[in-house]
Structure formats: structure tokens, C-alpha cells
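# Observations on the three-dimensional arrangement
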Amino acid sequence: MQVLEAFTAIGAIIIFGFLSSLLFKKTKVPDIILLILLGVLVGPHVLGIVTPDVMHAIEIFSPLFMAVALVIILFDGGLNLNYQNVMDNLGKAILFTTLNFVSFVSLAAVVAYYFLSIGDWGISILLGVIIGGTSGAVVLPIVSKMSIGDEAKNLLILESVITDVLVIVTAVSLVHIMLTSTADITLATSSLASNFLVAMVIGFLFGIFWLKSLKLLKGKPFSFMITLATLFILYALVEGAMHSSGAIAALIFGLVLGNKDEFARIFKKSPDDFVFDEHIKQFHSELSFLIKTFFFVYLGVIFDLTALFSLPIMIVSLTLFAVIVLARFPIAKAVGHFSHMNSQDTEAIFVMFPRGLSAAVLATYPYLMLRNTEVWNRLTPHTQNFLQNDIVNVVFVVIILTALAASIGTIIIERSLPSERKEEKDRKSGSAGMPR
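Residues numbered from 1 in each chain as written. Predicted model: local features only at pLDDT ≥ 70, side-chain atom pairs only at ≥ 80, totals over all residues. Heavy atoms only, no water.

Along its length, the protein chain carries 18 helices and zero strands. Relative to the 2.2 N^0.38 estimate, which gives 22 Å for 436 residues, the radius of gyration of the protein chain is 22 Å and therefore close to what a compact globule would have. If you line up the protein chain on its principal axes, its C-alpha atoms span 65 × 55 × 55 Å. Relative to its 436 residues, the protein chain shows a buried fraction of 52%. Residue pairs at least 24 apart in sequence account for 79% of intrachain contacts in the protein chain once pairs closer than 6 positions are excluded. The centroid of the 28 positive side-chain charges in the protein chain is displaced by 9 Å from the centroid of its 30 negative side-chain charges. (Helix = DSSP H or I, 4+ residues; strand = E, 2+ residues; numbered from the N terminus. Rg over C-alpha atoms; globule rule 2.2 N^0.38 Å. Buried < 20%, exposed > 50% of the residue type's maximum accessible area, 1.4 Å probe, protein only. Contact = heavy atoms within 4.5 Å. Lys, Arg positive; Asp, Glu negative; His and termini not counted. Charge placed at Lys NZ, Arg CZ, Asp CG, Glu CD.)

Shown next, in the form of C-alpha cells:
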């Protein structure tokens, strides 16, 4: 791709992302699905605008780009969270996330072992773990634009962030157990707990420190760029030096900055002691839009469209998609019932199950870690072939299917909200049928 062509493509994608965002406001059709479809269209399997040379470059830089996308999107999500709402919903979110994750992984493992003929319980469970969590990079952009209640929004955002970490830590721990033949559940649990705790503490301390630092930078240029640099350093420190979750740290960092007045009250400080310029929030919102646009186009580009024409892959993918739906439905209904949510909020909790970043990152992990080991030699040829050749396509088909389902569900929910809100308001005021 020549320089001028690249500039044209970049500009066209940004404009398309902007128009898709406007379309969401008008029609409630989520922009992410349009962006993914654009990526598929320009990818090597349709129009071929993205050439093999460009695909090679994408493969080289994809880990960096995916990490940047995750950090930017989660930081933006943290900026727009309300601290008190998060604290009110944290316990419920942990319980909801754990129930969803455990029920899906258990059911998926049984289906994989018997129906998909994986024939190994470790691999069957690992497959369930890899696609066992929702993706913050997908959930946050959709949920932030939905007209549902704050409780449902916070629950879905927290679930997506928690499972991004839960999936990765559990998958790594499970592979370690398989390779060492030591099922130390206590060690795995304590590792997961420390992963969350360390990330939250470091993100919180960075946030408080940066609120104080921004007071010194008040009135000076480039405060947003310095904040962005601090965010990247925070992620690198937590991921590299602390071996914890940079995603969680980025979210907490954004949460602290976005709730400066609340933390000033908690620490009994004057509101002037903690400074966060709203222009920084605006600038980051623009950057988040840019990153999000290219991230979802990127997902479409790297998706192997030929997988849709492979009957075995589609059968496996559709089966796992059905398991996701079956496992989530009763738990979402129970949460909505016990939390006294309206029908739209309950439906939003049910349909918001898109898989994404963590699943994509882990798709090749089992093969890379288990090949040339005793574990690999014990697997059947069918299972070896699945891990080496098919699992990546299955994971990406599931990502596309769940994103489509979340998008269609969003359209249905958003278009039904006005009448439901009217009825709910009438019931609360005791004046049903009165004109407004």
C-alpha cells in the first residue's frame, strides 16, 4: 500500500467511524458491527485492499496495537464511571461474573469433551476458559451509548473488565497445571486475587499522585499528553514489573481521575487540592474514538472469512455460541429479578456477552505452550489438529457471532426503551395515562 493510498484509507476509516457513531444515535445500530464489517470488506478475502504485505505488518504490530486499544478504552471507561455507583455494585459484579464464568466454562467443557470429541478434560476446560469472558474493549463502547440504568451499566462494565483478567490468569494457570501435573487450586486462587489487588492498589495510587501532579501542571500546555504518557507507564509497570493486570490498573486510574471531587471528600481535602482539567477528558474521548474505530476495523481485517464456509468450524462455533446463551440467560434473569431492574436493563445484561480481546490473544496460546510436550503427545490427532489449525478460526467466529448478537440485542432494547420508560414513570408517579 502506497503512502497516498494509506492516507486515503486512514481518512476514510475515521470518517466512516464518525458516520457510524451518528448512525447509532439515529437508528440504534451499534457502530462496532459496521466497523467490523468494513474490516472484513477491505480485508484480503473480499476486496483485497489490505494486501499480504500489509497483513504481515499487521501481524507484527498486532500485540502492541491490541494492548494500546485495551488501555485507552478502559481508561476512558474509568473516566466515565461514578465512584459511588461502582462501590455499590462491585460485590454484585464479582458474584455475577463468577457465576457466569464458572457456569459457562463447566457447560462448555462438557460439550467440548463429548460433543466436539476433544477427549481431554484439560483441553476442554481450557477452551471454555478462553472464550469464557466478555470483552471490555467491546462492551464499554456499546454500553456507554445505551439508555439503560446506571446499575446495569456499571455491572456490565465491571464484568467485562474483571473477566478480561479472569480469563487470562485462569488460562495461564490451567496450562501450568497441565504441564506440571500439579492441581494446586489454592495457589491459582491466591494468584488471581493478588493479580486484582496489586493492579487496583497501584492504579489507585497513581491516580491520587496524578491528581496532585496536575495541580502543578495547571495552566501549562500538554497536560493531556503527559497524562497519556503516565497511563502507558502505569500499564508497563503493572504488567512488567508487578506481573499483574495493566487493564485493571488503567481502569482504576481513570476512575480516580474522573471522580476527583469524591476522592477529595474521602481524603478530607479541598476540591482545589485535586485538579483534573475537563479538557483532558474531552481530548481522551477523541483519542478513544480513534482507537476504537481502528480496533474494530482491525478485527474485521484479521478475520479469516473462509472459516464461515467450513462446516466443522461453523458447527463448533455455533455450538459454543449456544452454550454462551444458555449459560447466561438464567443468571441474567436472576440478577434482574433480585435487583428489581426493569425488563430492558435485564435484557441488556443478558445480551451483552460479546467476546473479544482476551479470547483473541489466547487463541494461539494452547498450541504454542503445549506443542512438543508430553501433554501434546497424549492428545488425539483430532485434538492436536484442532489446537493447531482450527481453534483460532473458531474463536474469531465466536467473537463475530457474539458481537452481532450484542449489536442486534442493543437495537431491540434501545427501540423499546421509550414506551417502557413511560410506563415505568407512570407507575412510580401513580398517574398512568396522563399526558406529558
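A word on unusual backbone geometry. A positive phi angle, close to 55°, is found at histidine 340, a residue other than glycine. Structurally, histidine 340 is set in the loop between helix 13 (311-338) and helix 14 (343-351). Among the residues examined, histidine 340 registers a relative accessible area of 73% and is labelled exposed.

Here the focus is the packing of helix 3 (residues 52-79) against helix 10 (residues 246-258). It is at 6 Å that the axes of helix 3 and helix 10 come closest, and there the two elements cross at 35°. In this structure, helix 3 meets helix 10 at a crossing whose hand is right-handed. Contacts between helix 3 and helix 10 involve Leu70, Val71, Leu74, Phe75, Gly77, Gly78 and Leu79 from the first element and Ala247, Ala250, Leu251, Phe253, Gly254, Leu255, Leu257 and Gly258 from the second. When the residues that make up the contact of helix 3 with helix 10 are grouped by side-chain class, the tally is 11 nonpolar, four polar and no charged. (Axes fitted to C-alpha atoms, helices over the stretch in contact; angles between N-to-C directions. Left-handed = near helix turned anticlockwise from the far one by under 90°. Nonpolar A, V, L, I, M, F, W, Y, C, P; charged D, E, K, R; others polar.)

Here we take up helix 14. With seven of nine residues buried, helix 14 lies mostly within the body of the structure. Within helix 14, the full set of buried residues consists of Gln344, Asp345, Thr346, Ala348, Ile349, Phe350 and Val351. Structurally, the start of helix 14 carries an N-cap: the backbone nitrogen of glutamine 344 is 3.2 Å from a side-chain oxygen of asparagine 342. (Polar contact = N/O pair within 3.5 Å; in protein donor to acceptor, adjacent residues only side chain to side chain.)

Once that is clear, we can look at the confidence of the model for the protein chain. Here the protein chain averages 83 in pLDDT, while 92% of its residues score no lower than 70. Confidence drops under a pLDDT of 50 for residues 424-436, and excluding neighbours within four residues, the segment shows eight contacts in the predicted structure. (pLDDT = per-residue confidence, 0-100.)

Quick look at the pattern of salt bridges now. A side chain of one charge can pair with a side chain of the opposite charge if their charged atoms are brought near each other. One pass over the structure, following the stated rule, counts four salt bridges. Here glutamate 159 ties to arginine 328 by a salt bridge, and the two come within 2.8 Å at their closest N and O atoms. Of this pair, glutamate 159 sits in helix 7 (residues 150-180) while arginine 328 sits in helix 13, and the two are 169 residues apart along the sequence. Taken as a pair, glutamate 159 and arginine 328 share a single burial class, namely buried. Glutamate 262 serves as the salt-bridge partner of arginine 265, at 2.4 Å between the closest nitrogen and oxygen. With a gap of three residues between them, arginine 265 and glutamate 262 both fall in helix 11 (residues 260-266), about one helical turn apart. According to the relative accessible area criterion, arginine 265 is exposed, its value standing at 53%. (Salt bridge = Lys/Arg side-chain N within 4 Å of Asp/Glu carboxyl O.)

A separate point is helix 1 (residues 3-27). Taking 1.5 Å per residue as the helical rise, helix 1 with its 25 residues ought to reach 36 Å, and the 35 Å between its terminal C-alpha atoms agrees with that figure. For helix 1, every residue scored as buried is listed here: Ile13, Gly17, Ser20, Ser21 and Phe24. (Expected span 1.5 Å × (residues − 1).)

Tracing the backbone through its elements, the reader meets threonine 163 in helix 7. Classification of threonine 163 by relative accessible area gives buried; the value is 2%. At 3.2 Å, the side chain of threonine 163 forms a polar contact with the backbone oxygen of serine 160. In contact with threonine 163, not counting residues within four places along its chain, are Thr97, Gly133 and Thr134.

Looking now at the packing of aromatic side chains. Taken as a whole, this structure holds 14 aromatic pairs when the rule is applied. Ring centres of tyrosine 114 and tryptophan 121 lie 5.8 Å apart, and the angle between their planes is 80°; this geometry places the pair in the edge-to-face category. Aromatic pair tyrosine 367 and tryptophan 376: ring centres 5.5 Å apart, planes at 65°, arrangement edge-to-face. Assigned by exposure class, tyrosine 367 and tryptophan 376 land together as buried. An aromatic cluster is built from Tyr83, Phe204, Phe263 and Phe267, whose rings are joined through pairwise contacts. Note that arginine 355 overlies the ring of phenylalanine 104, its terminal NZ or CZ placed 5.4 Å from the centroid. (Phe/Tyr/Trp six-rings, centres within 6.5 Å; stacked < 30°, edge-to-face > 60°. Lys NZ or Arg CZ within 6 Å of the ring centre and 35° of its normal.)

What follows deals with a nonpolar patch on the surface. Residues Ile15, Phe18, Leu19 and Leu22 make up a contiguous nonpolar surface patch of roughly 380 Å² in combined accessible area. Structurally, leucine 19 is set in helix 1. (Patch = residues over 30% accessible without salt bridge, like charges linked within 9 Å, V, L, I, M, F, W, Y side chains within 5 Å. Areas by Shrake-Rupley, 256 points an atom, 1.4 Å probe, with all protein chains shown as cover.)

This next bit is on the environment of phenylalanine 65. For phenylalanine 65, the location among the structural elements is in helix 3. Judged by relative accessible area, which is 22%, phenylalanine 65 ranks as partly exposed. Along the primary structure phenylalanine 65 and isoleucine 13 are separated by 52 residues, whereas in three dimensions their C-alpha atoms are 16 Å apart. Once residues within four sequence positions are removed from consideration, phenylalanine 65 is found in contact with Ile291, Phe294, Phe295 and Tyr298.

One can find phenylalanine 294 in helix 12 (residues 278-302). Looking at phenylalanine 294, the relative accessible area reads 23%, which means it is partly exposed. For the pair phenylalanine 294 and isoleucine 14, spaced 280 residues apart in sequence, the C-alpha to C-alpha distance is 8.0 Å. Those residues within four positions of phenylalanine 294 in sequence are excluded, and the remaining contacts are Ile10, Ile13, Ile14 and Phe65.

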